[in-house]
Amino acid sequence: MSSASDTDRLLAEQLLRLTRRLHRIQKRHMEPLGITPAQSRLLRLVSHYEGEQPPRMADLAARLEVVPRAVTTLVDGLEAAECVRRAPDPANRRVVRIELTETGRATLRRLRNARTDAAEEILAPLTADQREVLGGLLDALSDAPAERHC
């Protein structure tokens, strides 16, 4: 009989393998769009500000938990693809805000479809009942309070 720690180790390994597989499949589905997973994440984040004041680079860096330079690189790539644009803040011309463009909105729609296709590929072996159970388990894990480390 295996111990709880053996079970936890096995589950951790299974989760890591699944995460790597999910990333590979999502990347394959996104590749034709010319958008990296990191750019996709930034584009989704900028879209959450629609209807509000567009985010500053510092806002994006904080939300993504990355250094500002990383956001600059991502924005540069998305700006070159005409998915976002830099706009001066009307209240403070030194502040740059990042706005989603029509091309960016269209790219987001294609990205959502690619993510859905990737999810369908991952979930294909599961029955509807198994998918429902998995959804409940993932909700429980996603909503669990984060552990605090010193």
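Sequence order as written defines residue numbering, which begins from 1 separately in each chain. A pLDDT threshold of at least 70 governs which residues receive local features in this predicted model, and a stricter bar of 80 or more applies before side-chain atom pairs are shown or counted, although totals over entire chains, interfaces and linings include all residues. The basis for every side-chain value is the complete set of non-hydrogen atoms in the structure, without hydrogens or water.

Draft legend 1. The arrangement of the packing of helix H2 (residues 37-47) against helix H4 (residues 68-80) in detail. Comment: axis = line fitted to C-alpha atoms, over the contacting stretch for helices; angle = value between 0 and 180 degrees taken between N-to-C directions. Numbered from the N terminus, helices here are DSSP runs of H or I no shorter than four residues, and strands are runs of E no shorter than two. Contact geometry of H2 with H4 gives a least axis separation of 10 Å together with a crossing angle of 90°. In terms of orientation, H2 and H4 fall into the roughly perpendicular class. Facing H2, whose interface residues are Ala 38, Gln 39, Leu 42 and Leu 43, H4 presents Val 71, Leu 74, Val 75, Gly 77 and Leu 78. Ten residue types, Ala, Val, Leu, Ile, Met, Phe, Trp, Tyr, Cys and Pro, are classed as nonpolar, four, Asp, Glu, Lys and Arg, as charged, and the remainder, Gly among them, as polar. A breakdown of the residues in the contact of H2 with H4 according to their chemical character gives seven nonpolar, two polar and no charged. The cut-offs work like this: below 35 degrees is roughly parallel, past 145 is roughly antiparallel, 65 to 115 is roughly perpendicular, and the gaps in between are oblique. Whether two residues are in contact is decided by their heavy atoms: any pair within 4.5 Å suffices.

Draft legend 2. Structural view of the nonpolar core. Nonpolar cores were defined as sets of buried Ala, Val, Leu, Ile, Met, Phe, Trp, Tyr and Cys residues, with membership established by side-chain atoms within 4.5 Å. Buried, partly exposed and exposed residues are distinguished by accessible area as a fraction of the type maximum, computed with a 1.4 Å probe on protein chains only: under 20%, between the cut-offs, and over 50%, respectively. Of all hydrophobic cores here, the largest spans 22 residues; its most connected members are Leu 42, Leu 43 and Val 71. Listed by contribution, the elements that provide at least two residues to this core are H2, helix H3 (57-64), H4, strand E2 (92-100) and helix H5 (102-123). Residues contacting Val 71, with those up to four places away along its chain left out, are Leu 42, Met 57, Leu 60, Ala 61, Leu 64 and Val 66.

Draft legend 3. Structural context of the environment of Asp 129. By the secondary structure assignment, Asp 129 is in helix H6 (residues 128-142). As a C-alpha pair, Asp 129 and Leu 15 span 114 residues in sequence and 20 Å in three-dimensional space.

Draft legend 4. Molecular detail of the environment of Asp 76. Mapped onto the fold, Asp 76 is located in helix H4. On the basis of relative accessibility, which here comes to 36%, the residue Asp 76 falls in the partly exposed class. C-alpha of Asp 76 to C-alpha of Gln 39: the two residues are 37 residues apart in sequence and 10.0 Å apart in space.

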